[in-house]
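# Structural characterization, general
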Amino acid sequence: MAAEIGQFTLIIALCLAITQSVIPLIGAYKNNFSWMAVGRTTASGQFLFLIISFICLTYCFVTNDFSVLYVANNSNTLLPVYYQISAVWGAHEGSLLLWVLCLAGWGYAVSIFSRSLPEDVVARVLAVMGMVSIGFLSFTLLTSNPFERLFPAAIEGRDLNPLLQDPGLVIHPPMLYMGYVGFSVAFAFAIAALLSGKLDSAWVRWSRPWANIAWVFLTIGIALGSWWAYHELGWGGWWFWDPVENASFMPWLVGTALIHSLAVTEKRSTFKSWTVLLSILAFSLSLLGTFLVRSGVLVSVHSFASDPERGVYILAFLAVVVGGSLTLYAWRATQFSSGGRFDMVSKETMLLINNVLLVVAMLTILIGTLYPLFLDALGLPKLSVGPPYFSAVFVPLMLPLVVLMGIGPLAKWRRVPIKELFNKLKILLVLGVVLGIVMPLAIYRDTTVMTAVGIAAGAWAILTSVFAITRLIAKRDSSTSVTKALSKIPRAMYGMVIAHIGIGLFIFGVVFTSAFSDQKEISVKFGEQIELAGYTFNLKSVGSVQGPNYQAMRGTVDVHKDGEFVTNLYPEKRIYTVQQNPMTEPGIDTGWFRDLYVSLGEAVSENEWGFRIYYRPFVQWIWIGCLFMSIGGVLGAMDKRYRTLTKTSKQTTQTRLSTPVTPT
């Protein structure tokens, strides 16, 4: 019964999406308030019915309803309840239902939190989001129905992919999808502005907090995916430039460019056409990522499906969205005003170069990801593009980006004298270089030129960010206390500073981990001691352990340093009961400044096992940096000017409702 209800509510949601995409748009054209208001109602209804559909699928999993094909393929009676719930989005059909639920959730949020905006704007935005919903709901019902019945019902399920039976995968996909789909809001605002012909800066101000929040979700999602790969795959790494990893990283890069471009357009009314283009590109790359993950063109531990029919549908949908958007963009291109003028040395220039570098970095990743696919499609010899390529082309682009990231916040709008800028930054520049040289020598008594440059870049990002705040405090008058001065600083400024500090911490983690990691892969007998990075590892025993749906061999490893006990590690080699897939669960001792990481290999003899040991310095700083970035993005979206309904907004609403609107 739950499956039938779930499928029926999906059909109702599709009908509401069709209504949402048509009626409000006609209302905006005819300046009919009642018709425009339909958008809010249908967005709320669509979200409600998709929640019901999602609950129905979750109920099927929790109750082990193996008459539902998707449940039978991805669950099992032995699977713990929390993994039964995460299995709802553990494969293609359920993850697509989660996708449309997230999309409907964003639409509902726009309908609720945009009541201060002109009704015709909200109507167009919700109509565009409704069109996107139509595409994905149709895709779900026609090719990826999670409620398809299995006759006769299976006696037992095939179990969830063991790779996905990890806490990180419980929350990683929802965060990632909220980021992917979140860019549909910025996309919808851009398309709504193009439809109306009102290409002023107002839509940018309305769009900016939504873009920030989407970027935050995508940042968290990517970070969780990296954390999962580090903890689950047993290889000791955190990023491998896997094609599906790249598929999520590309919209993040363009999204980063977008939130900076939105700031310029809002403040100076310039970069308007560029900002619109970035809004289209960010969401288009999210759709491209969906195609890569679900079409079967890529082989990856992250990919969901290998059905060419589904891939063709998504590719066609991508072509319609991108082609239609760019056609509309070209049609309205003549209406873009040039905006304010600025000199070569100015905040605008810094942010423009920032944008260009981010987009070029995205293009290098796009080429590296798709080039092997083109060769394969043309029947040419296969080519593997891996970490060496990405490191060679991506890292050099990031260095000038980090340099500009430190200069930009301290530069003035329109024009800043080079001498004035240099005087502000010279001490920080020297201090950054000194730290780049001294830190690795002080900690590890070793360094290279590239290591010193990397550490200097991280220090530069942190120092300039802190200086940006202290400079504002120093400008206060003598009667203002430090506390009051801090309270007057906009949240957006705090957000920028914290996010940039996060990038600095991230750089520290990447550089130290890359330069000073150590590892050994050997066979070890019980009681044998292995030395690595000043630590002594002693394999005490390996014994059998019974899990809820797996059988494991668990090792016990004692770790000492300078004769003192540090910790016990318990790496496992698991065999899952149903699928009989072997999985490695590493034992990890996490610290602020280093991780000790042990993976258990295969048995060599009764008393000897394969053994991999990793020493990973500062690796946790990678995810701490991502956390700082996310906090910064949230603060930026919570800035007071996005939460206050001004008289201007009210007047604009009244004016738009009483004045004929430019035809769409």
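Relevant structure appears above.
Notes on the structure follow. Owing to the predicted nature of the structure, the values given are computational and were not obtained by experimental measurement. (Residues numbered from 1 in each chain as written. Predicted model: local features only at pLDDT ≥ 70, side-chain atom pairs only at ≥ 80, totals over all residues. Heavy atoms only, no water.)

### Here's the deal with the overall build of the protein
This is how it is decided: Numbering of helices and strands runs from the N terminus; a helix is a DSSP stretch of H or I covering at least four residues, while a strand is a stretch of E covering at least two. As defined in this context, the radius of gyration uses C-alpha atoms, and a globule is described by 2.2 Å times the residue total to the power 0.38. Under the scheme applied here, a residue whose accessible area is under 20% of the maximum for its type counts as buried, over 50% as exposed, and between as partly exposed, the area being computed with a 1.4 Å probe on protein chains only. Calculation of accessible area relied on Shrake-Rupley with a 1.4 Å probe; when residues are assessed, cover is drawn exclusively from the protein chains displayed.
Assigned secondary structure in the protein consists of 20 helices and ten strands. Its C-alpha atoms give the protein a radius of gyration of 27 Å, within 12% of the compact-globule value 26 Å for 664 residues. Principal-axis analysis of the C-alpha atoms places the extent of the protein at approximately 85 × 75 × 55 Å. Expressed as a percentage of its 664 residues, the buried residues of the protein come to 56%. When the accessible surface of the protein is split by element, carbon and sulfur atoms take 66% of a total near 27,900 Å².

### Observations regarding the sheet that holds strand β9 (residues 594-605)
Going by this rule: Whether two strands pair depends on DSSP finding at least two bridges between them. To obtain each axis, a line is fitted to C-alpha atoms, and for helices this fit is confined to the stretch in contact; angles are then taken between N-to-C directions over 0 to 180 degrees. By definition in these notes, contact holds between two residues if any of their heavy atoms fall within 4.5 Å.
Taken together, the four strands give an open sheet; going across it, the order is β1-β10-β9-β8, and neighbouring strands pair in antiparallel fashion. Each of the sheet's edge strands pairs with one partner strand only, and the pair in question is β1 (518-525) and β8 (587-590). Averaged over all adjacent pairs, the angle separating strand axes in this sheet is 15 degrees, with direction ignored. For β1 and strand β10 (residues 608-617), the ladder comprises eight bridges, and the chain directions are antiparallel. Of the residues in β10, the one forming a bridge with D518 is Y615. Along the sheet, helix α17 (residues 491-516) makes contact with β1 and β10, crossing β10 at roughly 135 degrees.

### Thoughts on the packing of aromatic side chains
Applied cut-off: For Phe, Tyr and Trp, rings pair up if their centres lie within 6.5 Å, where Trp contributes its six-membered ring, and each pair is then called stacked (planes under 30 degrees apart), edge-to-face (over 60) or tilted (otherwise). Should the NZ of a Lys or the CZ of an Arg lie within 6 Å of a ring centre and within 35 degrees of the ring normal, that charge is described as sitting over the ring.
Enumeration according to the criterion identifies 37 aromatic pairs in this entry. A centroid spacing of 6.0 Å and a plane angle of 35 degrees characterise the contact between F512 and F516, whose relative ring orientation is tilted. Taken together, the residues span about one helical turn, with F512 and F516 both in helix α17 at a distance of four residues. When sorted by exposure, F512 lands in the same class as F516, which is buried. Ring-pair connections join several aromatic residues into one group, and the members of that group are W215, W239, W241, F249, W252, Y389, F390 and F394. Over the ring of W331 we find R332, and its NZ or CZ is 4.3 Å from the ring centre. When the ring centre of W413 is taken as origin, the NZ or CZ atom of K347, which lies over that ring, is 5.5 Å away.

### Here we look at the side chain of E585
As for its placement among the helices and strands, E585 is situated in strand β7 (residues 582-585). The residues touching E585, leaving out its near neighbours within four places in the chain, are E232, Y570, P571, E572 and R574.

### What to know about helix α13 (residues 387-407)
Working note: α-helix, 3.6 residues per turn, so residues spaced by three or four point in the same direction. Threshold: The span you would expect from a helix comes to 1.5 Å times its residue count less one.
Its 21 residues give α13 an end-to-end C-alpha distance of 30 Å, which sits within 8% of 30 Å, the value for a rise of 1.5 Å per residue. Residues F390, F394, L397, M398, L401, V402, L404, M405, G406 and I407 constitute the buried set of α13.

### With respect to a nonpolar patch on the surface
Worth spelling out the cut-off: By definition, no residue in a patch forms a salt bridge, and every one has over 30% relative accessible area; like charges are joined within 9 Å, nonpolar side chains (Val, Leu, Ile, Met, Phe, Trp, Tyr) within 5 Å. Here, a salt bridge means any Lys or Arg side-chain nitrogen found within 4 Å of an Asp or Glu carboxyl oxygen.
Together, L429, V430, V433, V434, I437, V438 and L441 make up an exposed nonpolar region whose accessible area comes to about 560 Å². With respect to the helices, strands and loops of the structure, I437 is situated in helix α14 (residues 418-444). For I437, a relative accessible area of 42% gives the class partly exposed.

### Considering the packing of helix α5 (residues 92-113) against helix α6 (residues 119-143)
Our working rule: Oblique is the label for every angle not falling under 35 degrees (roughly parallel), over 145 degrees (roughly antiparallel), or within 65 to 115 degrees (roughly perpendicular). Crossing handedness: left-handed means the near helix sits turned counterclockwise from the far one by under a right angle, and right-handed means the same turn made clockwise. Each residue is assigned to one class: nonpolar for Ala, Val, Leu, Ile, Met, Phe, Trp, Tyr, Cys and Pro, charged for Asp, Glu, Lys and Arg, and polar for all the others, Gly among them.
Following both chains from N to C, one finds α5 and α6 inclined at 165 degrees, their axes separated by 10 Å at the closest point. The angle between the axes of α5 and α6 places the two elements in the roughly antiparallel class. The way α5 lies across α6 gives a crossing that is left-handed. Residue-level inspection shows H92, L96, W99, V100, L103, W106, G107, V110 and S111 of α5 in contact with α6, the latter providing V125, L126, M129, V132, S133, F136, L137, F139 and T140. When grouped by side-chain class, the residues that make up the contact of α5 with α6 number 13 nonpolar, five polar and no charged.

### A look at helix α2 (residues 33-62)
Where we set the bar: Counted as a polar contact is a pair of N or O atoms within 3.5 Å, where, for protein atoms, one must be capable of donating a hydrogen and the other of accepting one, and residues adjacent in sequence contribute only when both atoms are in side chains.
The end-to-end C-alpha distance of α2, which contains 30 residues, comes to 44 Å, matching closely the 44 Å that a straight helix rising 1.5 Å per residue would cover. Sitting at the amino-terminal end of α2 is N32, which places a side-chain oxygen 3.0 Å from the backbone nitrogen of S34. Looking one or two places after α2, you find N64, whose phi comes out positive at around 55 degrees.

### Digging into the nonpolar core
Put simply, the test is: Here, the term nonpolar core denotes a set of buried Ala, Val, Leu, Ile, Met, Phe, Trp, Tyr and Cys residues that are joined through side-chain atoms within 4.5 Å.
Counting residues in hydrophobic clusters, the biggest one holds 172 residues, and the most contacted among them are L50, W99, F189, L194 and L253. Top contributing element to this core by residue count: helix α7 (residues 167-196), with 17 residues. Apart from the residues within four sequence positions on either side, L194 is in contact with L199, V276, I280, L328, Y329, R332 and F336. L532, L539, W609 and Y615 belong to the second-largest nonpolar core, a separate cluster that totals 17 residues.

### Focus on empty space enclosed by the protein
The cut-off we apply is this: Definitions used for this entry: grid spacing 1 Å over protein atoms alone; cavity, a set of points where a 1.4 Å probe fits but cannot get out; pocket, an open set with protein on both sides within 12 Å along at least 5 of 7 lines; lining residue, one with an atom within 4 Å of a point. Grid points are joined across faces, edges and corners, and a volume is the space filled by probe spheres set on the points.
As enumerated under the stated definition, the model contains three cavities of 30 Å³ or more in all. Counted as a void, the largest cavity has a volume near 60 Å³. Mapped onto the lining of the largest cavity, the elements with two or more residues apiece are α7 and α8 (202-232). For the lining of the largest cavity, the element with the highest residue contribution is α7, accounting for four residues. The residue inventory of the lining of the largest cavity, partitioned by class, reads six nonpolar, one polar and three charged.

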